[in-house]
Amino acid sequence: MAKITAGVATSHVPAIGAAIDLSKTEQPYWQPVFKGYEYVKAWIKEQKPDVIFLVYNDHATAFDMNMIPTFAIGCAPEFKPADEGWGARPVPTVKGHPQLAAHITQSLIQDNFDLTIINKMDVDHGLTVPLSLVFGQVEEWPCLIIPFAVNVVLYPPPSGQRCYDLGKALRKAIESFPEDLKVQVWGTGGMSHQLQGARAGLINKAFDNDFLDRIIDKADELAQVPHINYVREAGSEGIELVMWLIMRGALNDEVELKHRFYHVPASNTAVGHLVLENKPS
Ligand code: DHB
Ligand code: FE
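What you see is a predicted model, and the numbers here were worked out from it, not measured in a lab. (Residues numbered from 1 in each chain as written. Chains lettered and ligands numbered in written order. Predicted model: local features only at pLDDT ≥ 70, side-chain atom pairs only at ≥ 80, totals over all residues.)

Engineer: What is the right way to read the overall build of the protein chain from this model?
Structural biologist: Scanning the protein chain from N- to C-terminus turns up 10 helices and 10 strands. Computed over its C-alpha atoms, the radius of gyration of the protein chain comes to 17 Å, within 12% of the 19 Å expected for a compact globule of 281 residues. Within the span of the protein chain, comprising 281 residues, buried residues form 49% of the whole. Long-range pairs, those at least 24 residues apart, make up 82% of the contacts in the protein chain between residues at least 6 apart in sequence. (Helix = DSSP H or I, 4+ residues; strand = E, 2+ residues; numbered from the N terminus. Rg over C-alpha atoms; globule rule 2.2 N^0.38 Å. Buried ≥ 20, exposed ≤ 12 C-beta atoms within 10 Å, placed from the backbone. Contact = placed C-beta atoms within 7 Å.)

Below, the structure is given as structure tokens:
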């Protein structure tokens, strides 16, 4: 049977992708950011997941004001890196797992989470930057990846509780897939940031660190934080953090914290990163 082995959470700032692509990672501004990812880069080589279920948000790239699904699952065999205005990032095409994605789709929809099925989609920095941070510059991504896009761009976003509950249903879905697969669930985006308006540049270290504390072993409580608190306290883009609750819901109640990292700033954003391993339930 498929098994969820671990969860990874990380911010997805596009400038981090540009720093990697343009060989700027050793520059004084970027060096402390990338230092925080040395642990995960070594860890993932030992873990060797077969599949990553990667929860992220599209930033008006594949979807726009014409059509925005709240929860969308990528069921295609592959997903190309998107052109977000400067040409596509020089990163590998994402290879999906259509059979597992279809199984998860059936299980989640029958568990009352009405997903949108995506059979063709380019993936933006929300998905490719986390992959680059963890795997570095590679010819091929070393595992299969199922993209799972959450709307946190056009109001209203799904609640933290809905995301956490979806994570729990996702656990059941993955663990009922008959093939022996090591699956990781990643939650991406955040932490505090606001890119526009009067509060552009907002960072809230206290909010972010409380979120990092509570997602590890008080996630039930954290899930109850209403969306308006994220927007007020972590900025209009801080709401991306609800995606981390899908990752956390998919893990066991008890997890082992392997790595925690927080750094301000990267571009306009507070970078947060967690590596969590499942403890046997
Ligand atoms: C930035 C952060 C994001 O999460 C994003 O999607 C776009 C830009 C930034 O800090 O520049
Ligand atoms: Fe973003």
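Engineer: Help me out: how do you make sense of the sheet that holds strand β1 (residues 3-10) in this one?
Structural biologist: The strands that make up a sheet are held in pairs by hydrogen bonds between backbone atoms, and each pair lies either parallel or antiparallel. The strand order across the open sheet built from eight strands is β6-β3-β7-β2-β8-β1-β10-β9, with neighbouring strands paired in mixed fashion. The two strands at the open ends of the sheet, each matched to only one other strand, are β6 (116-118) and β9 (255-266). Sheet twist, expressed as the average angle between the axes of neighbouring strands with direction ignored, equals 20 degrees. In this structure, strand β3 (residues 71-74) lies alongside strand β7 (residues 144-150), joined through three bridges in antiparallel fashion. Paired with Phe71 across the bridge in β7 is Val150. The sheet strands contacting helix α4 (residues 98-110) are β2 (51-56), β3, β6 and β7, and the helix crosses β3 at an angle near 150 degrees. (Pairing = 2+ DSSP bridges. Axes fitted to C-alpha atoms, helices over the stretch in contact; angles between N-to-C directions.)

Engineer: What exactly am I supposed to notice about the nonpolar core here?
Structural biologist: Core analysis: the largest hydrophobic core is formed by 87 residues, its most contacted members being Phe53, Leu54, Val55, Leu170 and Met243. Leave out the neighbours within four places in its chain, and Val55 touches Phe148, Val150, Val185, Trp186, Gly187, Thr188, Met243, Ile246 and Met247. (Core = buried A, V, L, I, M, F, W, Y, C linked by C-beta atoms within 7 Å.)

Engineer: I'm lost on unusual backbone geometry in this one. Help?
Structural biologist: For residues besides glycine, phi is generally negative; the peptide bonds are generally trans as well. Tyr155 connects to Pro156 through a cis peptide bond whose omega is 0 degrees. In this fold, Pro156 is placed in the loop between β7 and α6 (160-175). With a phi close to 55 degrees, Ser23 is a non-glycine residue in the positive phi region. Accessibility expressed as a C-beta count within 10 Å gives 9 for Ser23, which makes it exposed. The backbone of Asn112 shows a phi angle near 80 degrees, a positive value even though the residue is not glycine. Of note, Asn112 is situated in the loop between α4 and β6. What makes Asn112 exposed here is the crowd of 9 C-beta atoms within 10 Å.

Engineer: Just checking my understanding: could you explain the packing of α6 against helix α10 (residues 242-250) for this structure?
Structural biologist: Two quantities define a packed helix pair, namely the angle between the helix axes and the distance between the axes. At their nearest, the axes of α6 and α10 sit 6 Å apart, and the two run at 30 degrees to each other. Here α6 runs over α10; the crossing is right-handed. Note on element contacts: α10 touches α6 through Val242, Met243, Leu245, Ile246, Met247, Arg248, Gly249 and Ala250, opposite Gly160, Cys163, Tyr164, Asp165, Leu166, Gly167, Lys168, Leu170 and Arg171. Taken together, the residues of the contact of α6 with α10 sort by class into 10 nonpolar, three polar and four charged. (Left-handed = near helix turned anticlockwise from the far one by under 90°. Nonpolar A, V, L, I, M, F, W, Y, C, P; charged D, E, K, R; others polar.)

Just distances and angles here, no functional claims.
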